[in-house]
Amino acid sequence: MDKKDISSCTLEELVKEIEQMGEKAFRAKQIYEWLHVKLAEHFDEMTNLSKPLREKLEAAYEIPQVKLVERQVSALDGTNKFLFELEDGHVIESVLMKYKHGNSVCISSQVGCRMGCRFCASTIGGLERNLRPSEMLGQIYRIQKISGERVSNVVVMGTGEPLDNYDNLVRFLRLLTDERGLHISQRNVTVSTCGIVPNMKRLAEEKFQITLALSLHGSTQEKRKALMPIANKYELSEVLAACDSYFEKTGRRVTFEYSLVHGVNDGKEDENELVNLLKCRNCHLNLIPVNPIKERNFVRPDKKSAENFKNKLEKSGINVTIRRELGSDIDGACGQLRRRYVEAR
Ligand code: SAH
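Here the structure is a predicted model, which means the values were calculated and not measured.

Draft legend 1. Quick look at empty space enclosed by the protein. As enumerated under the stated definition, the model contains 2 cavities of 30 Å³ or more in all. Roughly 170 Å³ of volume is contained in the largest cavity. If you trace the largest cavity, you find 16 residues lining it, with Ala 40, Pro 64, Gln 65, Gly 138 and Tyr 141 closest to the centre. Elements with a contribution of two residues or more to the lining of the largest cavity: helix H2 (25-36) and helix H4 (133-147). With 6 residues, the single largest contributor to the lining of the largest cavity is H4. Counted by class, the lining of the largest cavity contains 8 nonpolar, 5 polar and 3 charged residues. In this structure, the second largest cavity encloses a volume near 40 Å³. Forming the boundary of the second largest cavity are Gly 112, Ala 121, Ser 122, Ile 124, Gly 125, Gly 126, Gly 335, Arg 338 and Arg 339. Among the residues making up the lining of the second largest cavity, the classes are represented as 2 nonpolar, 5 polar and 2 charged.

Draft legend 2. Quick peek at the environment of Ala 121. Position of Ala 121 among the secondary structure elements: in the loop between strand S7 (110-112) and strand S8 (127-130). For the pair Ala 121 and Thr 159, spaced 38 residues apart in the sequence, the C-alpha separation amounts to 8.8 Å.

Draft legend 3. Spatial organisation of the site of the ligand. Near the ligand, the surroundings consist of 17 residues, among which Glu 161, Ser 192, Ser 215, His 217 and Asn 291 are the closest. The contact in question runs from an oxygen atom of the ligand to an N or O atom on the side chain of Ser 192, over 2.6 Å. With respect to the ligand, the side chain of Ser 259 contributes an N or O atom lying 3.0 Å from a nitrogen atom. Contact with the protein chains removes 94% of the 530 Å² of surface that the ligand exposes when unbound. For the shell around the ligand, the elements supplying multiple residues, two or more each, are strand S10 (189-193) and strand S12 (254-260). Along the lines of polarity and charge, the residues of the shell around the ligand split into 7 nonpolar, 8 polar and 2 charged.

About the cut-offs
- Residues numbered from 1 in each chain as written.
- Predicted model: local features only at pLDDT ≥ 70, side-chain atom pairs only at ≥ 80, totals over all residues.
- Heavy atoms only, no water.
- 1 Å grid on protein atoms, 1.4 Å probe; cavity = no way out; pocket = protein on both sides within 12 Å on 5 of 7 lines; lining within 4 Å.
- Points joined across faces, edges and corners; volume = space filled by probe spheres on them.
- Helix = DSSP H or I, 4+ residues; strand = E, 2+ residues; numbered from the N terminus.
- Nonpolar A, V, L, I, M, F, W, Y, C, P; charged D, E, K, R; others polar.
- Near = heavy atom within 4 Å.
- Polar contact = N/O pair within 3.5 Å; in protein donor to acceptor, adjacent residues only side chain to side chain.
- Areas by Shrake-Rupley, 256 points an atom, 1.4 Å probe, with all protein chains shown as cover.

Taken by themselves, the reported measurements are silent on function.
Structural data, given as structure tokens:
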């Protein structure tokens, strides 16, 4: 029988498990602290537990690890890209970005992705499997150990669609922000979605204080459909209504992400339509000049026209930034490092 994944258990679940083994509940607290505060990788390290208990744990549970395969460090800005191998041999990537306000880690939520966004490298090979809560946490824990730096912000914006792996995502969010664990502040966590409406609604009901980011990329239903297959399933109007309701229920301002693709969604009418969509919303717009990938011939607008696009929106009262590009000298775009590795293998 497969061993149970102990790092995906909440403390309450762990208490039950440990009591079933005939042990006292406070042992569960000790184990939980070893796993999520001291970031232990083996039961042997848990020196305040008796040897027989450690052996019992070892026989019944596993502490899944993500193993470092490759690390790229940007000479320009110190951004780190990591390629990790999971227990079953799949590889995923994560990024560490250093800002003045703290260190931010961008994690993957799935191995591959089935959403099919046209400009995205992560989706080209389709979905392999969902990541477990412990594998999402493991990316952050491993990066903290490798870099020796404290992580203060987490963005679920790497490979995968987090709301297509809903239950594992929510469990991960609870573990990540638990005050008895690593205790990342909920306000420092962002989950980015291509717009899976029913699960956006569910997330609003979880009463988290996390930021929801919506990948918009088109200012009309037709434009969105041309770039994002998910738009065939959920109309833009429904997606925006789900964003509004997220804001109403949580008080958290939604971030809209908009990848600028030259000649596709960066024209004058796009500016006007975007202003119409967003001017009455309390939100933030993040413009991302598209990262060209070799499988598609999408081109990014030059710096000047991206600036003009931004200025026009700003003048119309939209709260907008152009995302600062980090790590452009390493395999920067979503899923490119993993893709190169998988292709070579
Ligand atoms: N599936 C989620 C999160 C992963 S992608 C989502 O769709 O939001 C994180 C962000 O990067 C999304 O806004 C995505 O559309 C964008 N993105 C993906 N590939 C890109 C590329 N080549 N250039 C610019 N942005 C890209």
